[in-house]
Amino acid sequence: MLREDLVYKNECYTIVGILYKVFKALGGELLEKHYQKALAVALNEAGIKFIEQYPIKLYFDGKFIGIYYTDFLIQIGEAKIILEIKKNENFGLKNIKQLSDYLKNLKLKLGILANFTSTGVKYKRIVNIQ
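Residues numbered from 1 in each chain as written. Predicted model: local features only at pLDDT ≥ 70, side-chain atom pairs only at ≥ 80, totals over all residues. Heavy atoms only, no water.

(A) A look at the environment of Gly47. Structurally, Gly47 can be placed in the loop between α2 (32-45) and β1 (49-60). Overall, the relative accessible area of 62% leaves Gly47 in the exposed class. The spatial distance from the C-alpha of Gly47 to the C-alpha of Ile76 is 9.4 Å, given a sequence separation of 29 residues. (Helix = DSSP H or I, 4+ residues; strand = E, 2+ residues; numbered from the N terminus. Buried < 20%, exposed > 50% of the residue type's maximum accessible area, 1.4 Å probe, protein only.)

What follows is the structure in structure tokens.
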């Protein structure tokens, strides 16, 4: 049953379904880069638009100081969602902060942090409240 109060609920459920599809096919013992490649294939097969390794410019005091990259910037309809994948058993505060910073920098509403673990895929929705 879909909750009505979630940001981009249908789009998120679509992405989570793809995460589970990849885990079901590959299990939980591979490297992060293998899950990233499999997710790109699965997103393509589903007809979902995305940019892999999306560059995010970083500024300090109004001056450009570098670029960092998010795993996926996914667009489903009008929704733009960041998908950040990890190979961890738990969600680390560092990873949550990283995704939150990406959302703030790009002025996006929703990110999904996905962990591929030995027992399954776990995910957290991170909402930008700014």
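(B) Representation of the nonpolar core. Grouped together as the largest cluster of nonpolar side chains are 26 residues, with contacts concentrated most on Leu19, Leu39, Phe72, Ile74, Leu83 and Phe116. Among the elements of the structure, α1 (9-26), α2, β2 (63-76), β3 (79-86) and β4 (110-116) are those that each provide at least two residues to this core. With seven residues, α1 is the single largest residue contributor to this core. Not counting residues within four places of it along the chain, the set of residues in contact with Phe116 comprises Leu19, Val22, Phe23, Tyr35, Leu39, Ile85, Lys86, Lys87, Asn88 and Val121. Residues Tyr68, Leu73, Leu108 and Ile126 belong to the second largest nonpolar core, which totals 10 residues. (Core = buried A, V, L, I, M, F, W, Y, C linked by side-chain atoms within 4.5 Å. Contact = heavy atoms within 4.5 Å.)

(C) Looking closely at the side chain of Glu84. Residue placement: Glu84 occurs in strand β3. Of the polar contacts made by the side chain of Glu84, one reaches the backbone nitrogen of Asp71; its length is 3.0 Å. When near neighbours in sequence (up to four residues on either side) are disregarded, Glu84 contacts Thr70, Asp71, Gln98, Leu99, Tyr102, Ile112, Leu113 and Ala114. (Polar contact = N/O pair within 3.5 Å; in protein donor to acceptor, adjacent residues only side chain to side chain.)

(D) The pairing of β2, seen in detail. Where β1 meets β2, 11 bridges bridge the pair, whose relative direction is antiparallel. Each bridged residue has a counterpart across the sheet, and for Ile51 the counterpart in β2 is Leu73. As defined by bridge partners, β2 adjoins β3 across five bridges and the pair is classed as antiparallel. Counted as the bridge partner of Leu73 is Ile82 from β3. Linking two consecutive strands that pair antiparallel, namely β2 and β3, is a turn of two residues; a positive phi of about 60° is found at Gly77 within it. (Pairing = 2+ DSSP bridges.)

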